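Residue strings, one per chain:
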Amino acid sequence: MSRSDERRRRIACCLVLSLVGGLGWSFAPGVPVLWGPHAGARAKETGRSLFERRWEPGDALARGDGLGPVFNARSCTECHSQAGIGGGGSSEHNVTTFEVLPTRRQPRIERGAVHAFAVAPAFQETQDVVHRLFPVQPGQPVLRGCSVSVTDFDPVLFDSVNPPALFGTGW
């Protein structure tokens, strides 16, 4: 093989590896986005002013209540502000979410959030409200060897979710 053939072969190999690496980079999760949604300066400023706005009931700008009565605060920045506007939230702003496992009475999986910090008191909820909607199912007797045991089934699983940082979402 001549020297020029060897050189062409190495160049072709480099091009193929670059192409494969570029495709892998494009479709791999968790890598930085090199291209994506873009907003002009005016759209960014409008979004920022809406995000920072302290919404009030009957707010004329929203033609209603802005964030609405079940949100945890009157401004997005109240929960998303660590390390700057749009950052994560402190643990005091965690939201309790729930998932209801299927039962005979309720065969579908249900998911939602407990609106414990709703700005409208009439919409504030507790985990007890969720348990009233999806009560513990009485257990069935189970024979194990010479003993019988009864275990009740609580179909509700609760979780605490921290307000995520919104940096890097493209807008």
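Residues numbered from 1 in each chain as written. Predicted model: local features only at pLDDT ≥ 70, side-chain atom pairs only at ≥ 80, totals over all residues. Heavy atoms only, no water.

Caption draft 1: Just the overall build of the protein chain, in detail. Regarding its fold elements, the protein chain presents three helices and five strands. Along the protein chain, helices (α) and strands (β) appear in the sequence α-α-β-β-α-β-β-β when read from the amino end. Counting only residues that meet the buried cut, the protein chain has 18% of its 171 residues in that class. Accessible surface, the protein chain as shown: approximately 12,800 Å² in total, 59% of it carbon and sulfur. (Helix = DSSP H or I, 4+ residues; strand = E, 2+ residues; numbered from the N terminus. Buried < 20%, exposed > 50% of the residue type's maximum accessible area, 1.4 Å probe, protein only. Areas by Shrake-Rupley, 256 points an atom, 1.4 Å probe, with all protein chains shown as cover.)

Caption draft 2: Highlighting the sheet that holds strand β1 (residues 95-100). Ordered by their spatial adjacency, three strands build an open sheet running β2-β1-β5, and the pairing between neighbours is antiparallel. Edge strands, defined here as strands with exactly one partner in the open sheet, are β2 (110-114) and β5 (156-161). Across this sheet, the average inter-strand angle for adjacent strands is 25°, counted without regard to direction. As judged from the five bridges shared by β1 and β2, these two strands associate in the antiparallel manner. Bridged to E99 within β2 is R111. (Pairing = 2+ DSSP bridges. Axes fitted to C-alpha atoms, helices over the stretch in contact; angles between N-to-C directions.)

Caption draft 3: A look at the layout of surface pockets. By volume, the second largest pocket is sized at about 330 Å³. Forming the walls of the second largest pocket are 19 residues, and the residues nearest its centre are F71, N72, C79, H80 and V95. Going through the elements one at a time, β1 and β2 are the ones with two or more residues in the lining of the second largest pocket. Looking at side-chain class alone, the lining of the second largest pocket contains twelve nonpolar, seven polar and no charged residues. (1 Å grid on protein atoms, 1.4 Å probe; cavity = no way out; pocket = protein on both sides within 12 Å on 5 of 7 lines; lining within 4 Å. Points joined across faces, edges and corners; volume = space filled by probe spheres on them. Nonpolar A, V, L, I, M, F, W, Y, C, P; charged D, E, K, R; others polar.)

Caption draft 4: Looking closely at the packing of aromatic side chains. Evaluated as defined, the whole model comprises one aromatic pair. A ring pair is formed by F98 and F134, whose centres lie 6.5 Å apart and whose planes are at 40°; its orientation type is tilted. Highlighted residues: F98 in strand β1 and F134 in the loop between α3 (127-133) and β3 (141-144), separated in sequence by 36 residues. By relative accessible area, F98 is classed as buried at 13%. Looking at F134, the relative accessible area reads 14%, which means it is buried. (Phe/Tyr/Trp six-rings, centres within 6.5 Å; stacked < 30°, edge-to-face > 60°.)

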